[in-house]
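# Structural features, examined
Here are the chains, one letter per residue:
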Amino acid sequence: MMVGNSQSKYGGRRRRPLEAQAPTIFHRLLHSAASPSPNRFLRHASPVPRAADHSPFFRLPAARVSTLPTGLRVVTQAYPAATRMASVGVWVDAGSRFELPGTNGTAHFLEHMAFKGTERRPTAHALEVEIEDMGARLNAYTSREQTTFFADVQGRDVPAALDVLSDILQHPRFPQQAIQRERGVILREMEEVQGMMEEVIFDHLHTAAFRDHPLGDTILGPKENIQSISKNDLQQYISTHYTCPRTVVSAAGDVDHDEVVDKVKELFTGFSTDPTTADQLVEANPAVFTGSEVRIEDAEMPLAHLAIAFKGSSWTDPRSIPLMVTQSILGSWNRSIGVGNCSGSSLARGISNGGLAESLMAFNTNYRDTGLFGIYTTAPPDALHDLSRLIMEEFRRLAFRVSETEVARARNQLKSSLLLHIDGSTAVSENNGRQMLTYGRVMPFLELFARIDAVDCAAIMETAKDFIVDKDVALAAVGPVSNLPELSWFRSQTSSDDKFTAKLFSLGA
């Protein structure tokens, strides 16, 4: 079909909006003849309900947990490794959402300052030399709800690593000269982050989703805060939030549980035993999904960056597992990979067939009391309206028509992805520490996989109705976005009685 020969600014033919064509165009894009064979993803799993065989996971070593009298928890998972390496870290139930008004950025600033010297190791150089002499690696990161400090070491050096970690967290010096120097380091880091469009988009998305709430703030904080955070701010944050009941020491690899517990008892004696939990702080200031938008026009950028999100589930919401499977159904795709037409994701196939985007990524982020679930995509500006319509149609489809074939594929992909993300002692230690903070226990893979296998078509459609149909939308867009529909349009596309949806789904009946 001829669509005209006028050239767009990107050198391609200017698209005739798909909306101006019959609704069948959207149906053909999502369910084209290029779709994989229904049995392609079922060679090793069947859509017929049956007990999945996860017996190999019985051979995985179980995680051991001990709770000290102070409330601090220790979790270890030992397994034989030819390298005799281990990972040990401290996971604290504190991140940027727990900062006081006007001090956004303190949690991240503290992460930087923890490595600048202690009473026993007075300089950053002394600490670095000690770590390098062990052949170890020391690192840290801050998220919106958690802060982590960890070390990768040889098994025999686990006690020394625990000594270093306990020292930098309980006895930091915070020299004024180092604070001033670190301001510049963080400001340069902020400039680097501004060049990472995915990071920028998700910061804007949090602002749109949780406006006027600490969960909507950036982790690094605004420039003015970085220039004004004081030693007193850092000390107050530690004394308030780095408490034993909110701290987990996690070790994995070549470790002995009893030895780690004894060492933690000996070393971690300086944290407060204040019984206040992160859950209590969250209940006092719960996040409210605002469903607004952040839209920044920049015509000089070659591609538009867009994130569309709904309110998601908390970590402990029973619907978090169906949402994980739903994320897998939506999938991810990048034009450079070149498998769009053969992808198991109908959305990826539709975008590839229509030439509507450069990349696509479904996301599902959990917090203690809420979450974000949606799609992040990059696209040429003249495709934004057609792309938005296709994405919203796929969101609606999840609530009304899902095949067992794609659910089975999604379950398999999700389980494989989870296994790939715990390859190595660092990943195992991180997984266990995070689960202890979010669930209060380490969920065995046998249980997790059983929960995933219990997700069927009905569960996916019910979950989509709960989180998508007639729900508010948060939007973040940066770049040449003048062709992007208004936020009210996105909200209208979630309507349960949308005639366009009814007509579209009747085509596939």
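Cut-offs used in this document
Within each chain, residues carry numbers counting from 1 in the order of the written sequence. The model is predicted, so local features are restricted to residues of pLDDT at least 70 and side-chain atom pairs to those at 80 or more, both for listing and for counting; the totals for chains, interfaces and linings are taken over all residues. With hydrogens and water excluded, all non-hydrogen atoms of the structure serve as input to the side-chain values. What makes two strands pair is DSSP finding at least two bridges between them. The numbering of helices and of strands both runs from the N terminus, where a helix is a DSSP run of H or I of at least 4 residues and a strand a run of E of at least 2. An axis is simply a line fitted to the C-alpha atoms; with a helix, the fit covers only the stretch in contact. Between two such axes, the angle follows the N-to-C directions and lies from 0 to 180 degrees. Here, two residues are considered to be in contact whenever any of their heavy atoms come within 4.5 Å of each other. The set of buried Ala, Val, Leu, Ile, Met, Phe, Trp, Tyr and Cys residues whose side-chain atoms join them within 4.5 Å is what this entry labels a nonpolar core. The cut-offs for exposure are 20% and 50% of the maximum accessible area for each residue type, with area from a 1.4 Å probe on protein chains only; residues under the lower value are buried, those over the upper are exposed, and the others partly exposed. As used in this structure description, the phrase polar contact means that two N or O atoms lie within 3.5 Å; if the pair is within protein, one of them must be able to donate a hydrogen and the other to accept it, and residues adjacent in sequence are counted only when both atoms belong to side chains. Under this scheme an angle from 65 to 115 degrees is roughly perpendicular, one under 35 degrees roughly parallel, and one over 145 degrees roughly antiparallel; angles in between are oblique. For any pair of crossing helices, the crossing counts as left-handed if the nearer helix is rotated counterclockwise from the farther one by less than a right angle, and right-handed if it is rotated clockwise. Any carboxyl oxygen of Asp or Glu within 4 Å of a side-chain nitrogen of Lys or Arg constitutes a salt bridge here.

### Focus on the sheet that holds strand S8 (residues 304-311)
Taking strand neighbours across the sheet as the criterion, the 6 strands line up as S7-S12-S8-S11-S10-S9 in an open arrangement whose pairing is mixed. With one partner strand each, in any of the chains shown, strand S7 (293-297) and strand S9 (332-334) form the two edges of the open sheet. Shown here is a sheet whose adjacent strand axes are inclined to one another by a mean of 15 degrees, direction ignored. Sheet contacts for helix H11 (residues 320-330): S9, strand S10 (359-366) and strand S11 (371-379); angle to S10, the most-contacted strand, approximately 175 degrees. Seen against the sheet, helix H13 (residues 384-397) touches S8 and S11 and runs at an angle of roughly 145 degrees to S11.

### What to know about the side chain of Asp 203
Tracing the backbone through its elements, the reader meets Asp 203 in helix H6 (residues 197-209). In contact with Asp 203, other than residues within four places in its own chain, are Arg 144, Gly 216 and Thr 218.

### Concerning the nonpolar core
Ranked by internal contacts, the top residues of the largest apolar core, which has 58 residues, are Ile 308, Ile 351 and Phe 395. With near-sequence residues (within four places) excluded, Phe 395 lies in contact with Ile 308, Phe 310, Leu 330, Phe 373, Gly 374, Ile 375 and Ile 468. Of all hydrophobic cores here, the second largest spans 57 residues; its members include Ile 131, Ala 151, Leu 220 and Val 264.

### Digging into the environment of Thr 142
In this structure, Thr 142 sits in strand S4 (residues 137-142). Beyond its immediate sequence surroundings of up to four residues, Thr 142 is in contact with Ala 107, His 108, Glu 111, Thr 147 and Ile 219. Here the side chain of Thr 142 touches Glu 111 through a polar contact of 2.6 Å, side chain to side chain.

### Examining the packing of helix H14 (residues 404-420) against helix H16 (residues 445-453)
At a minimum axis separation of 10 Å, H14 and H16 run at an interaxial angle of 160 degrees. Relative to H16, the element H14 lies roughly antiparallel. In the crossing of H14 with H16, the sense of the turn from one axis to the other is right-handed. Touching Arg 411, Leu 414, Lys 415, Leu 418 and Leu 419 of H14 are Phe 445, Leu 448, Phe 449, Ile 452 and Asp 453, all from H16.

### A word on the pattern of salt bridges
As a working rule, side chains carrying opposite charge can pair if their charged atoms are close by. The tally for this structure, following the rule as stated, stands at 26 salt bridges. Of the charged contacts, one joins Glu 394 and Arg 397 as a salt bridge, the two residues approaching to 2.8 Å between their closest N and O atoms. Here Glu 394 pairs with Arg 397, and both are found in helix H13, just 3 residues apart, close to one helical turn. A single burial state applies to Glu 394 and to Arg 397, both of which are buried. Across the salt bridge formed by Glu 404 and Arg 411, the nearest N and O atoms sit 3.3 Å from each other. The structure contains a network of salt bridges with shared partners spanning Arg 120, Arg 121, Glu 130, Asp 163 and Asp 167.

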